[in-house]
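# A structural walkthrough
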Amino acid sequence: MRIVHISIRMVLSFFLLFLGVFAQNETTTEAPDPVYSDPRCLPECIFESNILETRLIQYFPQNCTTVCAPHGLHISISTDYTEKQLIDILKNMKHLIGNLYVSRNNIGSFTIEMNNQMTEVGMPKLTNVSCRVSISNTNMTRMNLPNMMLVKSPAVNYSTIDVEIYYNSPNFCITIQEMLNLMKPDYIALNRFGRMYGSYCEILNTSVFSQKTCDIENSTLAGLDSGCVQLRGDVKIEEGDEEYVKKLESVETIFGALIVKGTNFTNLQFLSKLKNIMAFSKEQPAVLVEFNPLLTNVSLPSFKRYLSNAHNPILFNNNSAELLKNPDHCYSVRNGVTTEMTWIAKFDGKVCEDIERVAASPAAQDKSAISCQTKFFSLLLMLILFMSK
């Protein structure tokens with residue numbers, strides 16, 4: 001019998017040879033990252049690594065104004081640079097194409113999430129961002145992102161860009177300019193999970209805005225200027241304010257809530273140009289209209305966008321009973337901002353579909369018919385009495 005001795009080296013060599021053949025025959029189906037095909041990405045400006053740290057910094061294109069990061073740009077606990085060093089490294093970058101991940105780092109002034117030392121993002125020169133923005137779990141009081149605009153990427157097909165700013169300092173405020181930048185494109189999904197809240201920072205200089213911007217936060221409707229297009233603060237219209245509402249005829253955006261309470265209005269015609277109501281306080285409805293017994297027409301023809309973390313952002317309560325007889329009143333307000341989220345608008349606790357079902361019920365139709373007959377006979381009786389004189 002012939003004895004064959006097989007060494008470990010021979011087995012290992014055979015295994016490696018087999019593995020190499022298998023690897024050569026295997027074809028990959030993984031699609032290349034769209035960053036590589038983006039016409040804005042120059043070869044010398046692509047960051048092939050991902051983490052900003054000493055051993056990889058030689059690969060970061062510090063002289064490029066547009067940096068492309070197919071594997072994402074990570075500033076994390078592995079980042080061994082100080083804040084000042086990072087500012088110098090990133091000073092020329094104005095556009096980042098790719099994902100940005102900033103978490104659990106030891107730098108106190110820039111973050112995305114989980115940085116309890118951070119007080120602001122602090123990137124005043126950042127302009128275009130083409131991905132989801134999420135800033136949370138920090139001690140941030142200001143963003144300091146005055147020029148950040150969210151734009152669609154030509155290389156990626158998506159319908160919306162999500163923006164979430166939540167669980168930061170109780171004193172967090174966002175500037176009017178920052179909110180204007182976020183709400184400008186219609187493809188921005190603000191506050192998708194209902195967690196955004198804070199306040200609007202004080203306006204230090206109204207002349208920087210292209211449209212007349214007024215501050216009603218510490219004022220009243222009586223003391224408001226005429227011709228304002230943008231208002232900072234809750235707009236509260238109460239009994240006795242009826243003579244001043246003409247001042248609101250030019251208003252297009254309220255950075256706060258709209259509250260109409262206890263008036264003798266029959267309609268809201270003075271708000272015909274109102275497009276946006278961006279309430280930013282915690283659990284605050286964007287629209288609250290209540291205790292206006294003569295209000296029979298609630299049309300807001302230009303109203304298209306709202307911000308609110310309240311479950312029901314649009315509330316009409318205890319106004320004229322006529323508003324519950326015809327669902328068109330509810331639909332006209334709700335359908336201007338959404339046709340999908342049925343719960344956002346309620347009239348006396350009812351969504352539009354509830355009002356429609358009640359109005360279409362036989363009992364409601366019989367009651368309506370009796371009401372019409374009563375009105376007809378009353379008019380007929382008045383006519384007879386008039387003719388008999």
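Our structure is the block above this text.
Below or above, wherever it landed, is the structure these notes cover. (Residues numbered from 1 in each chain as written. Predicted model: local features only at pLDDT ≥ 70, side-chain atom pairs only at ≥ 80, totals over all residues. Heavy atoms only, no water.)

## Here's the deal with the sheet that holds strand β11 (residues 213-215)
Across the sheet, which stays open at both edges, the 5 strands sit in the order β11-β12-β14-β16-β18 with parallel pairing between neighbours. In the strand order of this sheet, the two ends are held by β11 and β18 (305-307), each with one partner. Across the sheet, the mean angle separating the axes of adjacent strands is 10 degrees when strand polarity is ignored. The pairing of strand β12 (residues 230-232) with strand β14 (residues 253-255) spans 3 bridges and is parallel. Each bridged residue has a counterpart across the sheet, and for Q230 the counterpart in β14 is T253. Along the sheet, helix α3 (residues 176-183) makes contact with β12, β14, β16 (276-278) and β18, crossing β14 at roughly 125 degrees. (Pairing = 2+ DSSP bridges. Helix = DSSP H or I, 4+ residues; strand = E, 2+ residues; numbered from the N terminus. Axes fitted to C-alpha atoms, helices over the stretch in contact; angles between N-to-C directions. Contact = heavy atoms within 4.5 Å.)

## A word on unusual backbone geometry
Not every positive phi belongs to a glycine, and F291 is a case in point at roughly 60 degrees. Relative to the assigned elements, F291 resides in the loop between β17 (287-290) and β18. With a phi angle near 55 degrees, N318 is a residue other than glycine that sits in the positive phi range. Counting through the fold element by element, N318 comes out in the loop between β19 (314-317) and α4 (328-334).

## A word on the sheet that holds strand β20 (residues 345-347)
A sheet is described by the order of its strands in space; here 5 strands give the open sequence β13-β15-β17-β19-β20, paired in parallel fashion. Where the open sheet ends on each side, the last strands, each with one partner, are β13 (235-237) and β20. Put simply, the sheet's adjacent strands are angled 5 degrees from each other on average, direction ignored. Inspection of the sheet shows β13 paired to strand β15 (residues 258-261) by 3 bridges, in the parallel sense. Among the inter-strand pairings, V235 is bridged to a residue of β15, identified as L258.

## Here's the deal with the packing of aromatic side chains
Enumeration according to the criterion identifies 7 aromatic pairs in this entry. Note on F172 and F280: the rings are 6.3 Å apart at their centroids and 65 degrees apart in plane angle, and the pair reads as edge-to-face. Of the two residues, F172 sits in the loop between β7 (161-166) and β8 (173-174) while F280 sits in the loop between β16 and β17, which places them 108 residues apart along the sequence. F280 sits in the buried class, given a relative accessible area of 1%. An angle of 70 degrees between the planes, with centres 5.5 Å apart, marks the rings of Y200 and F255 as edge-to-face. One end of the pair, Y200, is in strand β10 (residues 199-200); the other, F255, is in strand β14, and 55 residues separate them in sequence. One exposure class covers both Y200 and F255, and it is buried. (Phe/Tyr/Trp six-rings, centres within 6.5 Å; stacked < 30°, edge-to-face > 60°. Buried < 20%, exposed > 50% of the residue type's maximum accessible area, 1.4 Å probe, protein only.)

## Here we look at the environment of N116
By the secondary structure assignment, N116 is in the loop between β3 (113-115) and β4 (128-129). What makes N116 exposed here is its relative accessible area of 62%. Residues N116 and N139, 23 residues apart in the sequence, show an inter-C-alpha distance of 5.4 Å.

## Topic: the pattern of salt bridges
Scanning the model with the defined rule gives 10 salt bridges in all. The residue E53 makes a salt bridge to R55 at a minimum N-O spacing of 3.0 Å. Residue class for R55 comes out exposed when judged on its relative accessible area of 60%. (Salt bridge = Lys/Arg side-chain N within 4 Å of Asp/Glu carboxyl O.)

## Quick word on the nonpolar core
By size, the foremost hydrophobic cluster in this structure holds 42 residues, and its most contacted members are I237, L248, L258 and I314. At the level of elements, β13, β15, β17, β19, α4, β20 and α5 (352-360) are the ones that each hand at least two residues to this core. Top contributing element to this core by residue count: α4, with 3 residues. Once you skip the residues sitting within four places of it in the chain, I314 turns out to touch V287, F303, V333, V337, I344, A345 and K346. (Core = buried A, V, L, I, M, F, W, Y, C linked by side-chain atoms within 4.5 Å.)

## Side note on α3
Taking burial as the measure, the 8 residues of α3 include 7 buried ones, the bulk of the element. Residues of α3 that are buried include every one of I176, E178, M179, L180, N181, L182 and M183, and no others.

## Remarks on the state of the cysteines
What the rule picks out here adds up to 5 disulfides. Across the disulfide, C173 is cross-linked to C201 (sulfur-sulfur distance 2.1 Å). Taking the torsion about the S-S bond as the criterion, the C173 to C201 disulfide, at about 95 degrees, is right-handed. Of this pair, C173 sits in strand β8 while C201 is found in the loop between β10 and β11, placing the two residues 28 residues apart along the sequence. With respect to class, C173 is no different from C201; both count as buried. Residue C330 pairs covalently with C352 via a disulfide, S to S 2.0 Å. (Disulfide = S-S within 2.5 Å.)

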